Amino acid sequence: MSRFVAVAFRSACRLLNTSRPLTSKRDTQYTSVRNFLVTQSKTKDKVTIYFVTSDGNKIATEAKVNSTLLDSIIDNDLDFDGFGACEGTMACSTCHVILPKHIYNAELPSDEEQDLLDMAYGLTDTSRLGCQVYVTEDMDGVEIKIPTETNDIRGFS
């Protein structure tokens, strides 16, 4: 066992309050360390999100955790008319989405985002800009509504 690996195992065991691993056996399995590492690697890297269009169609997409909703729409080649015109620079309000209350409450919009949302069509209490909402594991299976119209406040339509 290399010195680096031995030091890493000892450090991991200390973090987990386990006894110091035996260095005399190469094949000794440290169950608590192994379980810790396996548990840490079981986090999801993609979740399924349903976008609901104004006519009621549900579009299922796979979204990468830690990407924005706008990125998920672009990555999945979803064609929502005028959506994301500024490409996520928060210079328009075309990526306006309506979130379920529990997702909205997880992270509230900034003042700058609220100023842009004031100019969006179909504003609700749970409206956000898709370029500012990051996908989390909690969003797996959530339905996000796409408003009927978009308003590009930059003056281009």
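Each remark here, short or long, concerns the structure printed above.
Scoring rules and cut-offs
Residues numbered from 1 in each chain as written. Predicted model: local features only at pLDDT ≥ 70, side-chain atom pairs only at ≥ 80, totals over all residues. Heavy atoms only, no water. Phe/Tyr/Trp six-rings, centres within 6.5 Å; stacked < 30°, edge-to-face > 60°. Buried < 20%, exposed > 50% of the residue type's maximum accessible area, 1.4 Å probe, protein only. Core = buried A, V, L, I, M, F, W, Y, C linked by side-chain atoms within 4.5 Å. Helix = DSSP H or I, 4+ residues; strand = E, 2+ residues; numbered from the N terminus. Contact = heavy atoms within 4.5 Å. Pairing = 2+ DSSP bridges. Patch = residues over 30% accessible without salt bridge, like charges linked within 9 Å, V, L, I, M, F, W, Y side chains within 5 Å. Areas by Shrake-Rupley, 256 points an atom, 1.4 Å probe, with all protein chains shown as cover. Salt bridge = Lys/Arg side-chain N within 4 Å of Asp/Glu carboxyl O. Lys, Arg positive; Asp, Glu negative; His and termini not counted. Charge placed at Lys NZ, Arg CZ, Asp CG, Glu CD.

Go over the packing of aromatic side chains with me, naming the residues and quoting the values.
Summed over all chains, the structure comprises 2 aromatic pairs. Centroid distance F80 to F83: 5.9 Å. Interplanar angle 65 degrees. Geometry classified as edge-to-face. In terms of burial, F80 and F83 fall into one category: buried. Every member of this aromatic cluster is reached through a ring pair, and the members are F51, F80 and F83.

Which residues make up the nonpolar core, and what values go with them?
Counting residues in each nonpolar core, the largest one holds 27 residues, and the members touching the most others are I49, F51, L69, F83, L99 and I144. Elements supplying a minimum of two residues to this core: β1 (46-52), α3 (69-75), α4 (101-104) and α5 (111-117). Leaving out residues up to four positions away in the same chain, F51 has contacts with N57, K58, I59, T61, L69, I73, L78, F80, I144 and I146.

Run through unusual backbone geometry, naming residues and quoting values.
Of note, N66 is a non-glycine position whose phi angle comes to about 80 degrees, a positive value. Note on placement: N66 falls in the loop between β2 (58-64) and α3. Although it is not a glycine, M90 sits at a positive phi angle of roughly 55 degrees. Along the chain, M90 turns up in the loop between α3 and β3 (96-98). Given the relative accessible area of 12%, M90 is considered buried.

So what about the pairing of β1? Which residues, and what values?
Here β1 pairs with β2 via 7 bridges, running antiparallel. Opposite I49, over in β2, you have T61 as the bridge partner. Between β1 and β2, which pair antiparallel in sequence order, lie 5 residues; one of them, G56, sits at a positive phi of approximately 95 degrees. Pairing analysis gives 3 bridges linking β1 to strand β5 (residues 143-145), with the strands arranged parallel. Across the sheet, V52 pairs through a bridge with K145, a residue of β5.

Could you give me a rundown of a negative patch on the surface, with the residues and numbers involved?
A cluster of acidic residues, D111, E112, D115 and D118, forms a negative patch on the protein surface. Mapped onto the elements, D115 comes out in helix α5. On the basis of relative accessible area, D115 is assigned to the partly exposed category, the value being 49%.

Pulling in residues and values, what's your account of the pattern of salt bridges?
Taken as a whole and judged by the stated rule, the model has 4 salt bridges. In this structure, D140 engages K44 in a salt bridge whose closest nitrogen and oxygen atoms are separated by 2.6 Å. On the criterion of sequence distance, the pair formed by D140 in the loop between β4 (127-129) and β5 and K44 in the loop between α2 (31-41) and β1 is long-range, its members being 96 residues apart. Assessed through its relative accessible area of 35%, D140 is described here as partly exposed. The partner of E143 in a salt bridge is K58, and the shortest N-O contact between them spans 2.5 Å.

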